[in-house]
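Summary of structural features
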Amino acid sequence: MTEDEFDAFYTTAFPRLVGQLYALTGDHGEAQDVVQEAFVRAWDRRDSFLADEAPEAWIRTVALRLAVSRWRRARRWLDLVRRNPPADRVPGPGPEHTALVQALRTLPEAQRTAVVLHHLCDLSVEQVASETGSPVGTVKARLSRGRAALAVQLSAGRDGDDERSAKEGGRVR
C-alpha cells in the first residue's frame, strides 16, 4: 500500500473505526487513542498491509486488543490503589501561609520576585541578580524594601488578630 493509498484508507476508515471502538469501550477519547495507535502500527507495515485483504479488520482487532490491554492495566492500578490507599491528604495552608501570600501580593513585582527567589527559593543575592538580570545593589535594595513592606503588612495582620482576640476576650461567654 502506498502512502497515498494509506492516507485515503485512513481518511475513510478512521471515523468508522472510532465509532465501532467507542461502542465497545464507552469512551470516545479512548476509542480515538487506540484506533490512532493501531493506525501507527499499520503504518509500519503498510508495504505488506494489503496482503491481509482486510486492513480495516486488522486495525479494528489491534485497536480492540489495545483497548483491552489499557483496561486491564487500569484495573490492576485500581486494585493496587485499593489495597494500598494513598496517605491522608496534605492539609491546606495555615493562616500564616495565607497571610504571607496576601502580603506578598501587595509588593511591586520586582520586590516580590526578589523576596521569593531569595527567601523562599534559597537563592543567593548574586543568583537572584543573575536570574532577574538586575545589578546586585538593585537586588539588595529590592530585598530591603520588600522585607520592610512585608513587616508592615504582616504586623498589621497580627494587630488585627490581637484586636479580635481582645474583643472576644471581653465578651461574655
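We now turn to the structure provided with this report.

Conventions we followed
Residues numbered from 1 in each chain as written. Predicted model: local features only at pLDDT ≥ 70, side-chain atom pairs only at ≥ 80, totals over all residues. Heavy atoms only, no water. Helix = DSSP H or I, 4+ residues; strand = E, 2+ residues; numbered from the N terminus. Expected span 1.5 Å × (residues − 1). Buried < 20%, exposed > 50% of the residue type's maximum accessible area, 1.4 Å probe, protein only. Patch = residues over 30% accessible without salt bridge, like charges linked within 9 Å, V, L, I, M, F, W, Y side chains within 5 Å. Areas by Shrake-Rupley, 256 points an atom, 1.4 Å probe, with all protein chains shown as cover. Salt bridge = Lys/Arg side-chain N within 4 Å of Asp/Glu carboxyl O. Core = buried A, V, L, I, M, F, W, Y, C linked by side-chain atoms within 4.5 Å. Contact = heavy atoms within 4.5 Å. Phe/Tyr/Trp six-rings, centres within 6.5 Å; stacked < 30°, edge-to-face > 60°.

1. Remarks on helix 5 (residues 109–120)
In a regular helix each residue adds 1.5 Å, so 12 residues correspond to 16 Å; helix 5 covers 15 Å between its end C-alpha atoms and thus fits that length. Backbone geometry just after helix 5 places D122 at a positive phi near 60°.

2. Let's talk about the environment of R45
Mapped onto the elements of the fold, R45 is located in the loop between helix 2 (28–44) and helix 3 (55–83). A relative accessible area of 43% places R45 in the partly exposed class.

3. Considering a nonpolar patch on the surface
A grouping of L24, L64 and V68 is seen on the molecular surface, where their side chains present a nonpolar patch of about 240 Å² in accessible area. Judged by relative accessible area, which is 32%, V68 ranks as partly exposed.

4. Comments concerning the nonpolar core
Counting residues in each nonpolar core, the largest one holds 19 residues, and the members touching the most others are L21, V35, F39 and I59. Taken together, the elements giving at least two residues each to this core come down to helix 1 (3–25), helix 2 and helix 3. For this core, the element with the highest residue contribution is helix 1, accounting for 7 residues. When sequence neighbours within four positions are dropped, the list of residues in contact with L21 reads G26, A31, V34, V35, R60, A63, L64 and A67. Among the nonpolar cores identified, the runner-up in size contains 13 residues, and L104, A114, V128 and V139 belong to it.

5. Description of the packing of aromatic side chains
If you walk through the whole model with that rule in mind, you get 7 aromatic pairs. An angle of 85° between the planes, with centres 6.0 Å apart, marks the rings of F6 and F39 as edge-to-face. Linking F6 in helix 1 with F39 in helix 2, this pair joins segments that are 33 residues apart in sequence. Residues F6 and W43 carry aromatic rings whose centres are separated by 5.2 Å and whose planes lie at 75° to one another, so their mutual orientation is edge-to-face. One end of the pair, F6, is in helix 1; the other, W43, is in helix 2, with 37 residues separating them in the sequence. Judged by its relative accessible area of 30%, W43 falls in the partly exposed class. A connected cluster of aromatic rings, assembled from ring pairs, spans F6, F9, Y10, F14, F39 and W43.

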